[in-house]
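Here's the letter readout for the chains.
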Amino acid sequence: MPLLELVDVTKIFRTPYGEARAVDGITLSVEAGETLGIIGESGSGKSTLGRLILRLVEPDSGSVVIEGQDVLALSRGELRKKRRHWQIVFQEPFASLNPRLTIRQIVEEPLVVARIGTRAERRLRVLTTLEEVGLSADFMDRRPANLSGGQQQRVGIARALVTNPSLVVLDEPTSSLDLTIRASILRTLARLRASRRLTYVFISHDIETVRHFCSTVAVMHRGKIVEVGPTQEVLMAPQHPYTQSLISAALPVVPYAATVATTNLQGQIS
Amino acid sequence: MTSLGGRASNWAKQSRAWAYKRSGTVLVVVAAGIIVGLPLAAILLRLPQNPLQPDVESMALAPNTVHWFGTDGNGMDVFSRTIESARLDLPISLAATAIALVIGVPLGLFATTGMAGEAIMRVVDAFAALPIIVIAVVSIQLMGGGATDVILAIALVAAPRFVRLSRAAAISLRSSRYVEAAVAIGCSPIRVAFNHIFRNAYGVILVQATLTTAGALSTIAALNFLGVGVKPPQPSWGAMIEDGVSMLIRGQWWAVAFPSLALLVVIGSLNIIAGAIENKMERVEHTR
Amino acid sequence: MNKALQVTELETEFHTPKGVVRALHRVSFDVQDNEIVGIVGESGSGKSTVVRSITKLLMPPGKVSAGTVTFAGRSLLGLPEREMRQIRGKDIGFIAQNPFSALNPVTRIEKQFANIAKAHGVKVDPSERNRALQLLESTGVRDPERVMRGYAHELSGGMAQRVVIAMALYLNPQLVIADEPTTALDLTVQRQVLDTLRRLTVESGRSMLIVTHDLGVVAAYCNRVLVMYRGSIVEQGLVADVFVRPQHPYTISLLNSVVRPEDETPYVPDGGETPDAGEPESPDPSKVQLSEARRS
Amino acid sequence: MIRYIISRLVIAALLLCGLITLSFGLVSLLPGDPAVALLGEYATPADIARIHAELGLDLPFWERYLGYMSRTLSGDLGHSLFTGSSVSGEIMTRLPNTLIYLIPGLALALIIGMASGTFAAYRYRRFADKTFTFWISILMAMPEFVLALLLLFVFYQQLRIAPAPIGMLSSAQITPPHVTGSVPIDAIIAGQWATFSSILGRAVLPIVTMGLFFAAPFGKTVRSGLLQVLQSPQIEFARACGLRPAQVFRYALSDIRGSLMTYLVLLFAASLSGAAIVESVFSWPGVGSWSLDGVLKGDVPVIQGFVLIMGSTSLLGYVILDALITLLDPRTRSKAVAGRRQPRERSTPAITSANS
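Residues numbered from 1 in each chain as written. Chains lettered and ligands numbered in written order. Predicted model: local features only at pLDDT ≥ 70, side-chain atom pairs only at ≥ 80, totals over all residues. Heavy atoms only, no water.

Engineer: Looking at this model, I keep getting lost on the overall build of chain A. Mind explaining?
Structural biologist: Scanning chain A from terminus to terminus reveals ten helices and ten strands. In terms of overall dimensions, chain A is globule-like: its C-alpha atoms have a radius of gyration of 19 Å, near the 18 Å expected for 270 residues. Taking the principal axes of the C-alpha coordinates as reference, chain A spans close to 60 × 55 × 40 Å. A sequence separation of at least 24 residues applies to 66% of the contacts in chain A between residues at least 6 apart. Carbon and sulfur atoms make up 52% of the accessible area of chain A, which amounts to about 10,900 Å² in all. (Helix = DSSP H or I, 4+ residues; strand = E, 2+ residues; numbered from the N terminus. Rg over C-alpha atoms; globule rule 2.2 N^0.38 Å. Contact = heavy atoms within 4.5 Å. Areas by Shrake-Rupley, 256 points an atom, 1.4 Å probe, with all protein chains shown as cover.)

Engineer: I keep staring at the overall build of chain B and nothing clicks. Help me out?
Structural biologist: The helix and strand tally for chain B stands at nine helices and zero strands. The 288 residues of chain B split such that 51% are buried. A separation threshold of at least 6 residues defines the contact pool for chain B, and within that pool the share at least 24 residues apart is 71%. A total accessible area of about 12,700 Å² is found for chain B, and carbon and sulfur atoms account for 67% of it. (Buried < 20%, exposed > 50% of the residue type's maximum accessible area, 1.4 Å probe, protein only.)

Engineer: Help me understand helix α5 (residues 126–138) of chain C in this model?
Structural biologist: For the α-helix, the turn length of 3.6 residues means that residues three or four positions removed from each other point alike. Residues and elements named next belong to chain C. For α5, built from 13 residues, the straight-helix expectation of 18 Å at 1.5 Å per residue is met to within 8% by its first-to-last C-alpha distance of 18 Å. Within the sequence span of α5, burial applies to Glu128, Ala132, Leu133, Leu135 and Leu136. Axial view of α5: buried residues confined to an arc of 160°, hence all on one face. More than 90 degrees from the buried face of α5, the exposed residues found are Pro126, Gln134 and Glu137. (Expected span 1.5 Å × (residues − 1). Arc of directions from axis to C-beta.)

Engineer: Looking at this structure, how should I read the environment of arginine 142 of chain C?
Structural biologist: Residue and element names in this part refer to chain C. Within the element layout of this structure, arginine 142 appears in the loop between α5 and α6 (144–149). With 98 residues separating them along the chain, arginine 142 and glycine 44 place their C-alpha atoms 37 Å apart. Excluding anything up to four places from it in sequence, arginine 142 contacts Val147 and Met159.

Engineer: For this particular structure, what's the right way to read the pattern of salt bridges?
Structural biologist: Close approach of charged atoms lets side chains of opposite charge pair. Residues and elements named next belong to chain C. Following the criterion strictly, the structure yields 36 salt bridges over all chains and no others. A salt bridge links glutamate 9 to arginine 26, with the nearest nitrogen and oxygen atoms 3.2 Å apart. With glutamate 9 in strand β1 (residues 3–16) and arginine 26 in strand β2 (residues 19–32), this pair connects stretches of sequence that are 17 residues apart. Residue glutamate 9 is classed as partly exposed on the basis of its relative accessible area of 36%. The salt bridge partner of aspartate 241 is arginine 245, with a shortest N-O separation of 3.8 Å. Look at aspartate 241 and you get partly exposed, because its relative accessible area is 36%. (Salt bridge = Lys/Arg side-chain N within 4 Å of Asp/Glu carboxyl O.)

Engineer: Is there a simple way to think about the packing of helix α2 (residues 78–110) of chain B against helix α5 (residues 147–174) of chain B in this case?
Structural biologist: Angle between the axes and distance between the axes: these two values describe a pair of packed helices. Residue and element names in this part refer to chain B. Contact geometry of α2 with α5 gives a least axis separation of 5 Å together with a crossing angle of 35°. When you trace α2 past α5, the crossing you get is right-handed. In terms of residue class, the contact of α2 with α5 is made up of 20 nonpolar, four polar and two charged. (Axes fitted to C-alpha atoms, helices over the stretch in contact; angles between N-to-C directions. Left-handed = near helix turned anticlockwise from the far one by under 90°. Nonpolar A, V, L, I, M, F, W, Y, C, P; charged D, E, K, R; others polar.)

Engineer: Can you help me understand helix α6 (residues 177–184) of chain B in this one?
Structural biologist: Taking burial as the measure, the eight residues of α6 of chain B include six buried ones, the bulk of the element. Among the residues of α6 of chain B, those classed as buried are Tyr178, Val179, Glu180, Ala181, Ala182 and Ala184 of chain B. Those residues of α6 of chain B that are buried lie in contact with α1 (46–53), β6 (86–89) and α5 (149–161) of chain A together with α5 and α7 (189–225) of chain B. One or two steps after α6 of chain B, the chain reaches glycine 186 of chain B, where phi turns positive at roughly 95°.

Engineer: How should the packing of helix α7 (residues 144–158) of chain D against helix α9 (residues 193–230) of chain D be read in this particular structure?
Structural biologist: All names here are of chain D. Where α7 meets α9, the axes come as close as 10 Å, and the angle between the chain directions of the two elements is 130°. On the basis of their axis angle, the class for α7 and α9 is oblique. Like other packed secondary-structure pairs, α7 and α9 cross with a definite hand, here right-handed. Residues Glu144, Leu147, Ala148, Leu151, Leu152 and Phe155 of α7 form the contact with α9, whose own contacting residues are Leu205, Val208, Thr209, Met210, Leu212, Phe213 and Phe214. Looking at the contact of α7 with α9 residue by residue, the class counts come to eleven nonpolar, one polar and one charged. (Parallel < 35°, antiparallel > 145°, perpendicular 65-115°, else oblique.)

Engineer: Sorry, what's going on with the sheet that holds β2 of chain C here?
Structural biologist: By definition, the strands of a sheet pair up through backbone hydrogen bonds, in either a parallel or an antiparallel sense. Residues and elements named next belong to chain C. Spatially, the four strands line up as an open sheet ordered β2-β1-β4-β5, and their pairing is antiparallel. For this open sheet the edge positions go to β2 and β5 (74–75), each flanked by a neighbour on one side alone. Relative to β5, strand β4 (residues 62–71) runs antiparallel, the two sharing two bridges. Note that in β5 the partner of threonine 70 across the bridge is serine 75. Along the sheet face, helix α1 (residues 47–55) touches β1, β2 and β4 and points at about 75° away from the line of β2. (Pairing = 2+ DSSP bridges.)

Engineer: For this particular structure, what's the right way to read the packing of aromatic side chains?
Structural biologist: For any pair of aromatic rings, the description rests on two quantities: the centre-to-centre distance and the angle between the ring planes. Residues and elements named next belong to chain D. Tallied over the entire structure, the rule returns 20 aromatic pairs over all chains. Aromatic side chains tryptophan 62 and tyrosine 65 sit 5.7 Å apart centroid to centroid with 75° between the ring planes, which places their arrangement in the edge-to-face category. Of this pair, tryptophan 62 and tyrosine 65 both sit in helix α4 (residues 61–73), separated by three residues, roughly a single helical turn. On the accessibility criterion, tyrosine 65 (12% relative accessible area) is buried. Centre to centre, the rings of tyrosine 101 and tryptophan 284 are 5.8 Å apart; their planes meet at 80°, and the pair counts as edge-to-face. One end of the pair, tyrosine 101, is in helix α5 (residues 87–122); the other, tryptophan 284, is in the loop between α11 (245–281) and α12 (287–297), and 183 residues separate them in sequence. (Phe/Tyr/Trp six-rings, centres within 6.5 Å; stacked < 30°, edge-to-face > 60°.)

Engineer: Got a minute to help me understand a nonpolar patch on the surface in this structure?
Structural biologist: Residues and elements named next belong to chain B. Nonpolar side chains collect at one region of the surface, where Phe110, Ile190, Phe194, Phe198, Tyr202 and Leu206 lie side by side and expose about 620 Å² of accessible area between them. Take the nonpolar patch: its biggest share by element is five residues, from α7. Considering the arrangement of structural elements, one finds phenylalanine 110 in helix α2. (Patch = residues over 30% accessible without salt bridge, like charges linked within 9 Å, V, L, I, M, F, W, Y side chains within 5 Å.)

Engineer: Even after reading the chapter, I still don't get the nonpolar core, so can you show me in this structure?
Structural biologist: Generally speaking, soluble globular proteins have nonpolar side chains that are buried together. Ranked by internal contacts, the top residues of the largest apolar core, which has 228 residues, are Leu5 and Phe29 of chain C together with Phe145 of chain D. A total of 16 residues in this core trace back to one element, the largest contributor, which is α9 of chain D. When near neighbours in sequence (up to four residues on either side) are disregarded, phenylalanine 145 of chain D contacts Ala221, Ala222, Phe225, Ile241 and Leu263 of chain B together with Ile277 and Val281 of chain D. Counting 46 residues, the second largest nonpolar core, distinct from the first, contains Ile157, Val217, Tyr242 and Leu246 of chain A. (Core = buried A, V, L, I, M, F, W, Y, C linked by side-chain atoms within 4.5 Å.)

Engineer: Can you help me understand the sheet that holds strand β10 (residues 224–230) of chain A in this one?
Structural biologist: Residue and element names in this part refer to chain A. Here we have six strands laid out as an open sheet, ordered β6-β7-β8-β3-β9-β10, and mixed in their pairing. Among the strands making up the open sheet, the edge pair consists of β6 and β10. When the angles between neighbouring strand axes are averaged without regard to direction, this sheet yields 15°. By the bridge criterion, four bridges tie strand β3 (residues 35–39) to strand β9 (residues 216–221) in an arrangement that is parallel. Residue pairing in the sheet places leucine 36 in a bridge with threonine 216 of β9. Docked against the sheet, helix α6 (residues 179–196) engages β3, β7 (167–171) and β8 (199–204), running at close to 155° with respect to β8.

Engineer: Can you walk me through the side chain of glutamate 35 of chain C in this structure?
Structural biologist: Residues and elements named next belong to chain C. Its location among the elements puts glutamate 35 in the loop between β2 and β3 (36–40). Taking the relative accessible area as the measure of exposure, glutamate 35 reaches 5% and is therefore buried. Engagement of the side chain of glutamate 35 in a polar contact is seen with the backbone nitrogen of glutamine 32, the distance being 2.7 Å. With near-sequence residues (within four places) excluded, glutamate 35 lies in contact with Asp30, Val202, Arg206, Ser207, Met208, Asn223 and Arg224. (Polar contact = N/O pair within 3.5 Å; in protein donor to acceptor, adjacent residues only side chain to side chain.)

Engineer: Looking at this structure, I do not really get a positive patch on the surface. What am I missing?
Structural biologist: A cluster of basic residues, Lys111 and Lys118 of chain C together with Arg244 and Arg250 of chain D, forms a positive patch on the protein surface. Along the chain, lysine 111 of chain C turns up in helix α4 (residues 109–119). Residue classification places lysine 111 of chain C among the partly exposed residues on the basis of a relative accessible area of 40%. (Lys, Arg positive; Asp, Glu negative; His and termini not counted. Charge placed at Lys NZ, Arg CZ, Asp CG, Glu CD.)

Engineer: Got a minute to help me understand the pairing of β9 of chain A in this structure?
Structural biologist: Consecutive residues of a regular strand have side chains that alternate between opposite faces of the sheet. All names here are of chain A. Counting buried positions along β9 yields five of six residues, so the element is predominantly enclosed. Sheet topology note: the β9/β10 ladder contains six bridges and is antiparallel. Across the sheet, histidine 221 pairs through a bridge with lysine 224, a residue of β10. In this structure, the hairpin formed by β9 and β10 is closed by a connection of two residues, where arginine 222 is found at a positive phi of approximately 50°.

Engineer: Please clarify how the confidence of the model for chain B should be interpreted in this entry.
Structural biologist: Interpreting fine coordinate detail is not advised for predicted regions of low pLDDT. Residue and element names in this part refer to chain B. Averaged over all residues, the pLDDT of chain B equals 81, while 86% of them reach at least 70. Residue range residues 1–8 is modelled with pLDDT below 50. Its contacts to residues more than four positions away, or to other chains, number 18 contacts. Per the prediction output, this complex has pTM 0.82; the corresponding ipTM is 0.82. (pLDDT = per-residue confidence, 0-100.)

Engineer: Teacher, can you tell me more about the confidence of the model for chain A here?
Structural biologist: Looking at chain A, the pLDDT average stands at 88 and 93% of residues meet or exceed 70. Low pLDDT, under 50, characterises residues 255–270 of chain A; the stretch is placed with 21 contacts to residues that sit more than four places away or in other chains.

Next up, the structure:
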């Protein structure tokens, strides 16, 4: 049984100027341990889809089942209790952290809300989670504004992981970060995926990132999924014209540079 | 990026920066001292002259060693009366602001949606269209005219501003990313409201409260100047100024100048404190 | 080949209440005729400050403290603002990052074209308007007549950026400076806009300086590249050389983070820490300015 | 377009009805009995009953309310309980007296505020900006009547260049023949230019008071608005296109136009309230001092009439403002004209002025 299953999920935004079908009848499934990449341009509805999965936005129709649980059938209170198992990391790290709380308060809050552990146990859990995402204990009493963008995003990841979730939606977690930092955040996420056996839904507009990070990819265009399949297959031999245009528009950095550069680096170190 | 300059110029710059920063702090401490100290002085200290004692022997005297600020047309000591006014004027404006806050903020924070929210906003809008002084005068007349009535009238006039402000803050915060994040980790609506929305909105509200206190002080002075509100012989800055106008026209400036100066200093102090809070809030949020 | 732009030993400082922050360290480079030069770097590396120092668009507390900028045989840094203004828009065109925040929202596009012409003493007549129309058409704007009569908010992102490009090229500048011209655009649109830009600049005898953080853009469009790190140019040369045989460890780290992110270790400068692990990155001077303005 | 304007007018009409209700409710709640206020404490019950009948106070609440509503809507604001003069007539003759200093005063505030705010923004953190900030802080801490008295002391008492604060006309001036009842208008009609210019001369101090008082918050708004917009990408692009400083300033201004206009209307509403104070300092026979007198005496129809007129004036100001902002900005205009306008929050800057 897949860990996450969406059937014919639709979300229509109604504005005074008419209706916009942000997500239009999407059916998807994600196996446990898999990483599904959702790729699309701005306005394709990919972020809305991420929020629909976690019911941060109420769908108009369709069904969302996670770990055999019909998410849409839950009452508000039940949903709140379940949230610790299904988490999200946002695109803008600074905006997604409450500026008035310390890092410890931010990471501890999911535990407090879920009533997990005593005060001392929670403290320990926060500490180990922060270390796991690459932040030392020094950060505990700082506030988000005193951290760099990459560090803020690590806090966001720690907050999502502190309750030991099974499914994490990553909504463009690296798109607002610098290249070198982007790479190290992705490595952290990959390491955590292996050590904690996490299932990711990775939303992105960057083909290169998806190529390196995801096992399966779904291409979204105007609220619909136009193509889905194993990443290598989809990116090497795209079937849908939209996927083709997307891939041909990408500007790769000269591929052979990598090997040469690596040897060069090794040469320097030795 | 690195800091520049030789050791000497660096030191000079640092000390200048320190003095710059310090001068702001000193200003705020002085301002706070005035706001707290004046009413305390009026209550605790023995004033050099009885502020309520007319004296036909010494009418309209210029400032001298006995009457530091001179005397008014009834021969009352201007210095003592100026200090004594703080006993009522400041607490009244603080109380009025507090009441306006208690009424306005919850209304604004929780009336963001639905028919009730719309209705409240329309009332707030209608209030904004009315001349404030007239409303204040009418409501004081309506209720009688004691200190409590003045407090209630000013609170009534100031409350809509808090409704508008806290509602705007709540609406913008409600759509913020970190409130969405709080929902995503399973916070209850009450936890979201207090831990995330109020915690970030109280700065603006505090600033507005300080400014409202300044505004209340000014309105009270205007009311007393027009002869509404606190009744004589209890002195108030507005009434003292009104009494002194005829002297002013004759060139005897002190009966108007000193209560005016007191008003200016106290309102100015409140404005300085509001500015300092605003700066502090900005610094916490935008250190980057 | 002639040098369209020559920058030598440029140093820029920001005078903040907390002290002086040096944003650029002895930056030297040139742009030849008919060539596209890319400046790459991460946020806070000073790449935008370079552009603003050259065009003298730097706002206080930023100040150029040393160096020379020579453009078409004239030294720009000593020029009074009056003469500099004549050069901007006419001899040096500027393309902004986000077209919607660059165009005036309440002024018709044609009026904005006319304003540029007026500022440079060009008479605004129907033939002048036709030239603007043709320019819009050549940047790939559909129905230029309607766009001219409309406002910025009626356009899509790609179309708006084409309008900005047309404005930058309106008075035939020799040099075009583009500050992250496609960052705000979608992938499919980005390529079209860059193609247009290349066609209208180097292929028409102009040169271009393009600031970006996207190595792909540099690889596909630039002849030469400058790599900036913490206010200094750490490496420069032909794209083919720099991307194939990077010399500086930072460049290597930058390239690896794109090509093989899975086993990249971030660059650590001598005696310093990884920007991401220890202290927060030094503040981006342009952000310092803004937050101060907001405060008042 | 027409649909949009009609929808605005309908909203204005609804708000007007609300205002009438408010003014009726406010005064009906007065604890004192107007008949007692009028006749004094020793009135006989019979007299009081007669007055009640005259004023319609013996009728049930709903009848009184509907009667008031219909009379008000037909333009009849009633008569003063004390002088017996028609309230609308009094307002018509006194309003010109108020406007003669209020409008120039606001215009002065606009000019001073615009000029000084712009200057300070362009000289950000330099000497001129610091001087500006210093004076603004002092002006912002000064209640209106203190400012008026300060001006009076300096220009009348010390320098002797301003006339005494005894109203519009000195006793030496001949009152113009009664035509409309409003002295300045009658003076114009009669061609008594000496009288008219004397009125203007006496209006100078009230004008300066208003001008300085409202210039402070307005100038502050201009400064902070410009500071933000001058740092914006839009202005950078305009400068990068080589636009002249004057053109750049026009672009910047067009960006903050909406918020400045909103602020101006807010100041106008506040100035109507400030009129009462200025008029009492200068013994000016305008609507402010008249209404204040009425309020202090408990003259119910006067209070109601004043609240109504001032309220609907500022209401009209808001409606015109809202329409202007919408129609001047192409982003909102196209939506409004299409008739599918999204309900939106009017962004009213918080007034930080002490007295408003």
